[in-house]
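Residue-level structure breakdown
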Amino acid sequence: MTDQPGVVVTGVSGRMGQMLVRELGRSDRLRLSGALERPGHAWVGRDLGEAMGGAPLGVTVSDDPLDTFARAQAVLDFTAPEATVEFADLAAQARCVHVIGTTGLQPAHLDRIRAAAHHAVIVRAGNMSLGVNLLTRITRQVAAALDADWDIEIVEMHHNRKVDAPSGTALMLGEAAAAGRGVDLADASDRGRDGLTGARRRGDIGFAALRGGDVVGEHEVIFATEGERIVLKHIASDRALFARGALRAALWGQDRAPGEYDMLDVLGLND
Ligand SMILES: NC(=O)C1=CN([C@@H]2O[C@H](COP(=O)(O)OP(=O)(O)OC[C@H]3O[C@@H](n4cnc5c(N)ncnc54)[C@H](OP(=O)(O)O)[C@@H]3O)[C@@H](O)[C@H]2O)C=CC1
Ligand SMILES: O=C(O)C1=N[C@H](C(=O)O)C[C@H](O)C1
């Protein structure tokens, strides 16, 4: 037996799923206890290591979330909104710490996650890196120091397989800018300009999403006024940093009171 908390990786064949497995292999504080894919996936029933093209890991890929969660202390979930809300219910039943990296969550998904957090610890963030979470703090400070003569634009670029826009990170940065300015992002957000849009509305927070190649994740917050611009930028060049953040969140969440937390809580950056 081991005292290391057991961890289930959902969507294990995905880009983040496989990265999480690799980072768990390097961890001496957490152990991989289960791996999930959806029913009918070619990896279900196979040894995970072999399915990933390497040596056996002794963990069979399952399609049964409740069974795998029941034998674990944490769930690392970078999948899709419909899957994540189901996992939130089941992880709460099993009292697992649910680390949610999935983006593209809509208000109804967020409501279900909030309900599950009454019973278990959920750590959710559109970006698990230290750099981006620090950038949200800096963005809020800069936005608070400037008035609406400074136009705020958020530009992001990701790989050509990404299915949601704006990215979860861009929305985190938008929320931070709106908080600094003392406005509600829902009222100020300007997304997807196209055609005869009319002039920019004073006070709007604009979003633009670029997609191409294998870009891991790049974000800029631009503050633009007459004669000058401030540009805050984060570049992620390796998905391992998101995976390491998720492992850190899983450990941090052990023995914590039920509730919904974010990476600022985990990193000690919340005020
Ligand atoms: N918060 C953060 O720091 C980060 C967040 N992300 C987010 O994580 C998510 C995943 O990204 P990425 O790994 O690149 O995506 P991938 O498409 O590579 O992987 C997604 C995985 O989830 C599985 N999945 C999707 N829908 C379901 C479902 N309904 N039931 C069960 N499994 C499902 C997929 O299986 P199948 O192939 O069968 O569909 C696949 O294995 C995205 O939302 C992305 O934005 C990514 C990086 C960092
Ligand atoms: O889909 C991705 O790849 C990423 N998604 C997250 C997001 O939507 O911001 C985090 C990171 O930028 C990579």
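In the block above lies the structure referred to throughout.
Keep in mind the model is a prediction, meaning the values are calculated, not measured.

Time to look at the packing of helix α6 (residues 130-145) against helix α7 (residues 168-181). Relative to each other, α6 and α7 sit at 30°, their axes nearing to 7 Å. Of the possible angle classes, the one that applies to α6 and α7 is roughly parallel. Here the hand of the crossing between α6 and α7 comes out right-handed. Residues V132, N133, L135, T136, T139, R140, A143 and A144 of α6 form the contact with α7, whose participating residues are T169, M172, L173, A176, A177, A179, G180 and R181. Taken together, the residues of the contact of α6 with α7 break down into nine nonpolar, five polar and two charged.

Inspection of the entire model under this criterion finds 17 salt bridges. Note that R114 is salt-bridged to D111, the shortest N-O span being 3.0 Å. You can see R114 and its partner D111 sitting in helix α5 (residues 107-116), three residues apart, about one turn around the helix. A salt bridge links E218 to K233; the shortest N-O distance between them is 3.8 Å. Remark: K233 occurs in strand β11 (residues 228-236) and E218 occurs in strand β10 (residues 217-225); sequence separation between them is 15 residues. Using a relative accessible area of 26% as the deciding quantity, one classes E218 as partly exposed. In the salt-bridge network here, residues are joined through shared partners; they are D151, E153, D190, R193 and R200.

Looking now at the pairing of strand β4 (residues 74-77). Alternating residues of β4 divide into A74 and L76 and V75 and D77, and every residue in both groups is buried. With three bridges connecting them, strand β1 (residues 6-9) and β4 associate as parallel partners. Bridge assignment links V9 to a residue of β4, and that residue is L76. Here β4 pairs with strand β5 (residues 97-100) via four bridges, running parallel. From the neighbouring strand, D77 faces β5, where its bridge partner is I100.

The rules behind the values
Residues take numbers from 1 onward in each chain, read along the sequence in its written order. Here the convention is simple: chains get letters from A, ligands get numbers from 1, in the order in which they are written. Only residues with pLDDT of at least 70 are given local features in this predicted model, and only at 80 or more are side-chain atom pairs given and counted; all residues enter the totals for whole chains, interfaces and linings. The side-chain figures draw on all heavy atoms in the structure; neither hydrogens nor water molecules are used. Interaxial angles span 0 to 180 degrees and are taken between N-to-C directions of axes, which are lines fitted to C-alpha atoms, for helices over the stretch in contact. What counts as a helix is a DSSP run of H or I of at least four residues, what counts as a strand is a run of E of at least two, and both are numbered from the N terminus. In these notes the angle categories are as follows: under 35 degrees is roughly parallel, over 145 is roughly antiparallel, 65 to 115 is roughly perpendicular, and the rest is oblique. By definition, turning the near helix anticlockwise from the far helix through less than a right angle yields a left-handed crossing, and turning it clockwise yields a right-handed one. Contacts are assigned to residue pairs with any non-hydrogen atoms lying within 4.5 Å of each other. Residues are grouped as follows: Ala, Val, Leu, Ile, Met, Phe, Trp, Tyr, Cys and Pro are nonpolar; Asp, Glu, Lys and Arg are charged; every other residue, Gly included, is polar. Here, a salt bridge means any Lys or Arg side-chain nitrogen found within 4 Å of an Asp or Glu carboxyl oxygen. Partly exposed describes any residue whose relative accessible area lies between the buried limit of under 20% and the exposed limit of over 50%, with all areas from a 1.4 Å probe on protein chains only and scaled to the type maximum. Paired strands, in this sense, are two strands between which DSSP finds at least two bridges.

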